[in-house]
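Each chain, letter by letter, is given below.
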Amino acid sequence: MVPDHWFDINGVWTGSATLLPDGQIIILYTGDTNATVQVQNLAYPANLSDPLLLDLVKYEGNPVLVPPSGIGSKDFRDPTTAWVGDDGKWRVAIGSKVNTTGITLVYETTNFTSYELLDGVLHAVPGTGMWECVDFYPVSTNDTNGLDTSVNGAGVKHVLKTSLDDEKKDFYALGTYNSSANTWTPDDPVLDVGIGLRVDYGKYYASKTFYDQNKSRRILWGWIGETDSETDDLLKGWASVQTIPRTVVFDKKTGSNILQWPVEEVEKLRLNSTEFDGVELEPGSVVPLNISSATQLDITATFEVDKEALEGTLEADIGYNCSTAGAFVRGTLGPFGLLVIADDSLSEFTPVYFYISKDTDGGYSTFFCADEIKSSLASEINKKVYGGTVPVLDGENLSARLLVDHSIVESFAQGGRTVVTSRIYPTKAIYGAARVFLFNNATGVNVTASVKIWELDSAYIQPFPFDQI
């Protein structure tokens, strides 16, 4: 869709599609009007028999929703996929704010052209600012299948996710949805939306899920923005990409987070693989992994920390934080992991690593981080260290999966409990010059690593047979 009506002339913004039981599809999206007011508009496919839905028709009665009383004209956007409430009516959530409190409004409808604003708000968190790109969906606490957006009841938790406009970060929380009261309550108020868990701790924003009814799974997409200059973006002719699609399920082992994992279709791109078993990493070591090509990779790795040294350490790096440290700050129990998109001389490399801190009471905190500081020799690039804590249960080795694609690294720890996406701009570690290394920059512990690396084929985007439509 393009901005071509008064109700969206200043922008066709984020929206969502809803598949109705009769096969109809409706699309609600935010338009920025000729008066710079954010409104919600309705569109629908011109031809449902078109498998690509290339032509969309905008409802002649748009807008179908305008900012309600008490909501700013620029603080009302990004409608969710609709779901059915316990009264049988459709409901749609929209992000907003009141002063500095982020909120989610819920509207009810039977026909998607007229709406009633439900009393109160679905949820609100003071101090989090404007909520945009809100996502609201169920996850099963019993099964590994995804759920249709309207499912609720026993064995179900609801994920409330928002993109914080002030911080440009995606947060989520697990909780309980009371359809009758139009409220969602977080399981843990300390981990409430906007102050607790991140969807992705890296360069990642404006994510959105949908339910894949053909494979009974919930799929997550996210936006990887640029960190170079606008001048560079103009020179290359494009800016920003979407992540590899991920499945989302409830983590039944921890009970406190979701698990994100690359969709199974990625594995169809795997070519030859190479395994490196039981590689011993002494403190300060860097070990090259000899593979023929290192720019398109699917890597799985496990790391076993010397148990005696781990238990013998009384205290280590209390207060550690990925963003203020990095792979060069050596501690007793970390960092250790992989160097990807690296050149032979290590003038460029991107470390993805674990770091363990230990409290005086014997408790551990494990961090999963990605350090972009040495990822490129180019100037005018905003290079950061990203990451967060990752739950590690008793008896689990540390594990990671990395998808490497030239200038994007998507990293998944402990089966997807914590995810970090990196957007990098290598100048030396490109094409045949790219390498992979293992490293251990800890000062007081040996680490044993086992790694399997698949080289990945480029995706073949099969042309659609338009002549058969």
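Residues numbered from 1 in each chain as written. Predicted model: local features only at pLDDT ≥ 70, side-chain atom pairs only at ≥ 80, totals over all residues. Heavy atoms only, no water.

A separate point is the layout of surface pockets. The volume enclosed by the largest pocket comes to roughly 1000 Å³. Taken together, 34 residues form the lining of the largest pocket, with Ala17, Leu19, Phe210, Tyr211 and Gln213 sitting closest to its centre. If you list the elements that add at least two residues to the lining of the largest pocket, you get strand E1 (12–19), strand E2 (25–32), strand E11 (131–140), strand E16 (205–212) and strand E17 (217–224). Its residues placed into classes, the lining of the largest pocket shows 17 nonpolar, 10 polar and 7 charged. Lining the second largest pocket are 28 residues, and of these Tyr364, Thr366, Val392, Leu393 and Glu396 sit closest to its centre. Counting residues per element, the ones that place at least two in the lining of the second largest pocket are strand E15 (197–198), strand E23 (296–305), helix H2 (307–312) and strand E26 (364–371). (1 Å grid on protein atoms, 1.4 Å probe; cavity = no way out; pocket = protein on both sides within 12 Å on 5 of 7 lines; lining within 4 Å. Points joined across faces, edges and corners; volume = space filled by probe spheres on them. Helix = DSSP H or I, 4+ residues; strand = E, 2+ residues; numbered from the N terminus. Nonpolar A, V, L, I, M, F, W, Y, C, P; charged D, E, K, R; others polar.)

With that settled, consider the nonpolar core. In terms of nonpolar packing, the biggest core is built from 56 residues, with Phe303 and Leu338 touching the most fellow members. With 5 residues, the top contributor of residues to this core is E23. For Leu338, the residues in contact, after removing those within four places along its chain, are Leu289, Ile299, Ala301, Phe303, Thr350, Pro351, Val352, Leu402, Val436, Phe437, Leu438 and Phe439. Counting residues in each nonpolar core, the second largest holds 17 residues, with Leu20, Phe76, Val92 and Leu105 among its members. (Core = buried A, V, L, I, M, F, W, Y, C linked by side-chain atoms within 4.5 Å. Buried < 20%, exposed > 50% of the residue type's maximum accessible area, 1.4 Å probe, protein only. Contact = heavy atoms within 4.5 Å.)

The subject of this paragraph is the packing of aromatic side chains. What describes a pair of aromatic rings is the distance from one ring centre to the other and the angle between the planes of the rings. One pass over the structure, following the stated rule, counts 16 aromatic pairs. Each ring, one from Tyr320 and one from Phe367, has its centre 5.0 Å from the other, and the planes form 70°; the classification is edge-to-face. With a gap of 47 residues between them, Tyr320 in the loop between H2 and strand E24 (336–342) and Phe367 in strand E26 connect regions that are remote in the sequence. You can call Tyr320 buried: its relative accessible area is 10%. With a centroid separation of 6.3 Å and an interplanar angle of 75°, the aromatic rings of Tyr353 and Phe439 are classed as edge-to-face. Here the residue Tyr353 occupies a position in strand E25 (residues 350–358), and Phe439 occupies one in strand E31 (residues 435–440), the gap between them amounting to 86 residues. Like Tyr353, the residue Phe439 is buried in the burial classification. Pairwise contacts between aromatic rings join Phe303, Phe336, Phe354 and Phe368 into one cluster. Between Arg198 and the ring centre of Phe171, over which it is positioned, the NZ or CZ distance is 5.7 Å. Its end group placed over the ring of Trp238, Lys236 keeps NZ or CZ at 5.1 Å from the ring centre. (Phe/Tyr/Trp six-rings, centres within 6.5 Å; stacked < 30°, edge-to-face > 60°. Lys NZ or Arg CZ within 6 Å of the ring centre and 35° of its normal.)

Inspection of the entire model under this criterion finds 29 salt bridges. In this structure, Arg77 engages Glu132 in a salt bridge whose closest nitrogen and oxygen atoms are separated by 2.9 Å. Here Arg77, found in strand E5 (residues 76–77), pairs with Glu132, found in strand E11; they are 55 residues apart in sequence, far enough to count as distant. Arg77 sits in the buried class, given a relative accessible area of 8%. Note on Glu132: relative accessible area 10%, which makes it buried. (Salt bridge = Lys/Arg side-chain N within 4 Å of Asp/Glu carboxyl O.)

Ordered in space as E1-E2-E3-E4, the 4 strands form an open sheet in which the pairing is antiparallel. Of all the strands in the sheet, the pair left with one neighbour each is E1 and strand E4 (56–58). Here the strands of the sheet are splayed against their neighbours by 30° on average, with no regard to which way each runs. Direction of pairing for E1 relative to E2: antiparallel, over a ladder of 6 bridges. Bridge assignment links Gly15 to a residue of E2, and that residue is Tyr29. (Pairing = 2+ DSSP bridges. Axes fitted to C-alpha atoms, helices over the stretch in contact; angles between N-to-C directions.)

As a further point, take the pairing of strand E8 (residues 101–109). A large share of E8 lies buried, amounting to 8 of its 9 residues. Pairing of strand E7 (residues 90–98) with E8 involves 9 bridges; the strand directions are antiparallel. Each bridged residue has a counterpart across the sheet, and for Ser96 the counterpart in E8 is Ile103. Between E7 and E8, which pair antiparallel in sequence order, lie 2 residues; one of them, Asn99, sits at a positive phi of approximately 55°. As judged from the 3 bridges shared by E8 and strand E10 (residues 123–125), these two strands associate in the antiparallel manner. Among the inter-strand pairings, Thr104 is bridged to a residue of E10, identified as His123. As paired elements, E8 and strand E9 (residues 116–117) share 2 bridges and run antiparallel to each other. Looking across to E9, one finds that Glu108 is bridged to Glu116. In sequence, E8 turns back onto E9 through a hairpin of 6 residues, with Phe112 there showing a positive phi of about 70°.

Function-wise, these values are silent; they only describe arrangement.
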